[in-house]
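# Per-entry structural report
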Amino acid sequence: MILKLGIPKGSLQDATVELFRKAGYKILFQGRSYYPTIDDPEIECTLLRAQEMARYVEQGVLDAGLTGHDWVLESGADVVEVADLVYSKTGSGRARWVLAVAEDSPVKSVKDLQGKRIATEAVNLTRRYLEANGVEAIVEFSWGATEVKVPRLADAIVEITETGSSWRDNHIRIVETILETNTKLIANKAAWEEKDKRSKLEQLAMLLKGAIEAEDKVGLLINVPRPKLDAILAILPSLQRPTISSLTDDAWVDVMVVLEELQARRLIPELKLKGAQGIVEFPLNKVIM
């Protein structure tokens, strides 16, 4: 069994490779090849633009792939959404498609764009949004640099953003949010019905989600005198409960806990003051819930 897997090319590429590394997979690129290698003999990778991924997965050219929920909707592809994978090139993981205009534009809502010109890469998403709001406008496909097209080349744009901060610097004003999106692991319907491929995809999804869950989390290993154990446990957060292990010296125990990295920074000095010793902080690659 070989699972044909699409890896998104472009802005998500590096973040995807790093996510796979944390999940336990090593993806390697040779020159400009669009067929990276992966250290799993049951997976065959193809590098492909996220915008095209859903179409090739639907057609069975690929068994599965990683792409944005937005591009699944834009293409209209009929695929299985296997898992939400909330990650991105900046780390926040979620983005918005927004309707935006020049800062001094009189447009206050989508209703004000009747008969106007809108530039976007997401033509179908935009047309459906306009139709849902009873607005008829000219929607043009934008090949890039969409934000520079207002106000000279278009009355408005529909574009994706994570923070919107650069737009404020360029005097662009967000009018409305059209869609919130994040990365998905998607599968071809026929491939999903194959037992071996479904099992492989479920395992892959579990490991990738575990790597995302581990983001910004660390483990703490702490030596605690038994008389002070209750006081230490009282200040420790945990995903479930801290793990407590006996030592060869009965007067001491080991406590292991998983917590947010920012919490560890605050807690370590407090743990030391309450009598903990041998405090070790270590990074996490995966947290499987």
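Quick caveat, the model's predicted, so the values are computed rather than measured. (Residues numbered from 1 in each chain as written. Predicted model: local features only at pLDDT ≥ 70, side-chain atom pairs only at ≥ 80, totals over all residues. Heavy atoms only, no water.)

## Observations concerning the nonpolar core
The criterion, for reference: Throughout this description, the term nonpolar core refers to a set of buried Ala, Val, Leu, Ile, Met, Phe, Trp, Tyr and Cys residues connected via side-chain atoms within 4.5 Å. Think of it in three bands: with a 1.4 Å probe and only protein chains considered, a residue is buried below 20% of the maximum accessible area for its type, exposed above 50%, and partly exposed in between. Each helix is a run of H or I in the DSSP string that is no shorter than four residues. Each strand is a run of E no shorter than two, and both are numbered from the N terminus. Note on contacts: a residue pair is in contact if any heavy atoms of the two residues lie within 4.5 Å.
Counting 30 residues, the largest nonpolar core has Leu5, Phe20, Leu85, Tyr87 and Leu185 as its most contacted members. If you list the elements that add at least two residues to this core, you get β1 (3-9), α1 (13-23), β4 (43-49), β5 (64-68), β6 (80-85), β12 (183-187) and α7 (195-213). Per element, the largest residue contribution to this core is six residues, and it comes from α7. Excluding anything up to four places from it in sequence, leucine 85 contacts Leu66, Asn182, Thr183, Leu185, Leu208, Lys209 and Ile212. Grouped together as the second largest cluster of nonpolar side chains are 21 residues, Ala50, Ala122, Tyr129 and Ala156 included.

## Things to note about the pairing of β12
Filter applied, for reference: Pairing between strands is defined by DSSP: at least two bridges between the two strands are required.
Burial within β12 is extensive, with five of its five residues counted as buried. Covered by surrounding structure in β12 are Thr183, Leu185 and Ala187 together with Lys184 and Ile186, the residues of both alternating faces. In this sheet, β12 lies alongside β5 in antiparallel orientation, the contact comprising five bridges. If you follow alanine 64 over to β12, its bridge partner there is alanine 187. Note that β6 and β12 share five bridges and pair antiparallel.

## Topic: the confidence of the model for the chain
To keep things clear, this is the line we draw: Confidence per residue, as judged by the predictor, is encoded in pLDDT with a range of 0 to 100.
Looking at the chain, pLDDT values average 93 and 96% of them are 70 or higher. When pLDDT is averaged over each helix and strand of the chain, the minimum, 72, is found for helix α5 (residues 165-169) and the maximum, 98, for helix α6 (residues 189-193).

## Concerning the packing of aromatic side chains
The description of an aromatic ring pair rests on the distance of the ring centres and on the angle between the ring planes. Going by this rule: Aromatic contacts are taken between Phe, Tyr and Trp rings whose centres are within 6.5 Å, Trp giving its six-membered ring; a plane angle under 30 degrees counts as stacked, one over 60 as edge-to-face, and the others as tilted. Lysine NZ or arginine CZ positioned within 6 Å of the ring centre and within 35 degrees of the ring normal marks a charge as sitting over the ring.
As enumerated under the stated definition, the model contains three aromatic pairs in all. Where phenylalanine 141 meets tryptophan 143, the ring centres are 4.8 Å apart and the plane angle is 85°; that geometry is what we call edge-to-face. For phenylalanine 141, a relative accessible area of 41% corresponds to the partly exposed category. Since its relative accessible area comes to 78%, tryptophan 143 is described here as exposed. A cation over an aromatic ring shows up here: arginine 55 above the ring of tyrosine 56, its NZ or CZ 4.8 Å from the ring centre.

## Section: the sheet that holds β1
Put simply, the test is: For every element, the axis is a line fit to its C-alpha atoms; helices are fit only across the contacting stretch, and the angle between N-to-C directions ranges from 0 to 180 degrees.
Spatially, the five strands line up as an open sheet ordered β4-β1-β5-β12-β6, and their pairing is mixed. The strands lining the two open edges of the sheet, one partner per strand, are β4 and β6. Averaged over all pairs of adjacent strands, the angle between strand axes in this sheet comes to 30°, irrespective of strand direction. Summarising the sheet, β1 and β5 pair through two bridges and their orientation is parallel. Among the inter-strand pairings, glycine 6 is bridged to a residue of β5, identified as glycine 65. Sitting on the sheet, helix α2 (residues 50-59) is in contact with β1, β4, β5 and β12, with an inclination near 130° to β4. Strands in contact with α7 are β1, β4, β5, β6 and β12; relative to β6, the strand with the most contacts, it is inclined by about 20°.

## A look at the environment of aspartate 104
Checked against the element boundaries, aspartate 104 lands in the loop between β7 (95-102) and β8 (117-120). In this structure the C-alpha to C-alpha distance between aspartate 104 and arginine 173, which are 69 residues apart in sequence, comes to 8.3 Å.

## Notes on the sheet that holds β7
With respect to topology, five strands assemble into an open sheet ordered β9-β8-β10-β7-β11, the strand pairing being mixed. In this open sheet, the two edge strands, each paired with only one partner strand, are β9 (138-141) and β11 (172-181). Here the strands of the sheet are splayed against their neighbours by 25° on average, with no regard to which way each runs. Bridge count for β8 against strand β10 (residues 156-161) is three bridges, and the pairing is parallel. Paired with threonine 120 across the bridge in β10 is valine 158.

## Describing unusual backbone geometry
Residues valine 150 and proline 151 are joined by a peptide bond in cis, for which omega reads 0°. Here proline 151 is to be found in the loop between β9 and β10. Phi is positive for alanine 145, which is not a glycine, with a value near 50°. On the basis of relative accessibility, which here comes to 47%, the residue alanine 145 falls in the partly exposed class. With a phi angle near 65°, aspartate 216 is a residue other than glycine that sits in the positive phi range. Turning to its location among the elements, aspartate 216 is positioned in the loop between α7 and β13 (217-225). What makes aspartate 216 exposed here is its relative accessible area of 52%.

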